[in-house]
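Topology and contacts: notes
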Amino acid sequence: MVVVLILIAAASRLLPHPPNFAPVAAIGLFAGATLGRRTAWLVPFAALLLSDLVLGFYHPVTMFWNYAGFGACLLLGSGLLASSRTIARLGAATLTSSLAFFALSNFGMWASGYYPRTGAGLLECYTAALPFLRNTVVSDVVYTGALFGSLWAFAQLRARRAATSETRAGA
């Protein structure tokens, strides 16, 4: 599963897609919630590094803050979703991860010198990035729902098969 998640996340950055519409943050949430700590950290960062090898590396400060944004998604997954996965918690973690990535990645753009390094420059940076936030939130909701929904569906299927096996064995 780890290799599949890494390949999906890396490919999603390489294939044509609308701006900020990719499953990397959702995969970070999912990995944080379902995998062991070491393995969970491997998933988003291996995907980012693999795809950045193809896409090309960018300003190191910006890159650091983008990676930190995806790391925040993973931490939210391990902190909010590892023990309990209610719809409310899943929704809260998804929205929080979108906002955390937005805040951290755009702070990186500002810190890299793309905007004046003033309070007004930081505000200008966040304001200019607002149109991208919608795609971030929508993609995080879609992909997080697909990942956790698939996990739930597989668990239900496995439970039904186990119940059917027990029924047959007892008959």
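Residues numbered from 1 in each chain as written. Predicted model: local features only at pLDDT ≥ 70, side-chain atom pairs only at ≥ 80, totals over all residues. Heavy atoms only, no water.

1. Concerning the side chain of Ser-112
Residue position: Ser-112 is located in helix H5 (residues 87–114). A residue is classified by how much of its surface remains accessible, and Ser-112, at 9% relative accessible area, is buried. If sequence neighbours within four positions are ignored, Ser-112 has contacts with His-59, Val-61, Thr-62 and Arg-117. (Helix = DSSP H or I, 4+ residues; strand = E, 2+ residues; numbered from the N terminus. Buried < 20%, exposed > 50% of the residue type's maximum accessible area, 1.4 Å probe, protein only. Contact = heavy atoms within 4.5 Å.)

2. Comments concerning the packing of aromatic side chains
Ring pairs (aromatic) are described by centroid distance and by the angle formed between their planes. Evaluated as defined, the whole model comprises nine aromatic pairs. Ring geometry for Phe-30 versus Phe-148: centroids 5.1 Å apart, planes at 75°, classification edge-to-face. Of this pair, Phe-30 sits in helix H2 (residues 24–34) while Phe-148 sits in helix H6 (residues 119–170), placing them 118 residues apart in sequence. The exposure classification of Phe-30 matches that of Phe-148, with both residues buried. Summarising the aromatic geometry, the rings of Phe-70 and Phe-101 are spaced 4.5 Å apart at their centres and angled 35° between planes, so their arrangement reads as tilted. In this pair, Phe-70 sits in helix H4 (residues 60–81) while Phe-101 sits in helix H5, placing the two residues 31 residues apart along the sequence. (Phe/Tyr/Trp six-rings, centres within 6.5 Å; stacked < 30°, edge-to-face > 60°.)

3. Structural notes on the confidence of the model for the protein chain
The predicted structure's coordinates, where accompanied by low pLDDT, should not be read in detail. Summary statistics for the protein chain give a mean pLDDT of 91 and a share of 99% for residues scoring 70 or more. For the protein chain, helix H1 (residues 2–14) is the element with the lowest average pLDDT, namely 82, and H5 is the one with the highest, namely 96. (pLDDT = per-residue confidence, 0-100.)

4. Regarding the environment of Leu-14
Inspection of the secondary structure puts Leu-14 in helix H1. Along the chain, Leu-14 and Glu-124 lie 110 residues apart, while their C-alpha atoms are 29 Å from each other. Setting aside anything within four residues of it in sequence, one finds Leu-14 in contact with Ser-51, Val-54 and Leu-55.

5. Some points on unusual backbone geometry
Although it is not a glycine, Asn-20 sits at a positive phi angle of roughly 60°. Considering the arrangement of structural elements, one finds Asn-20 in the loop between H1 and H2.

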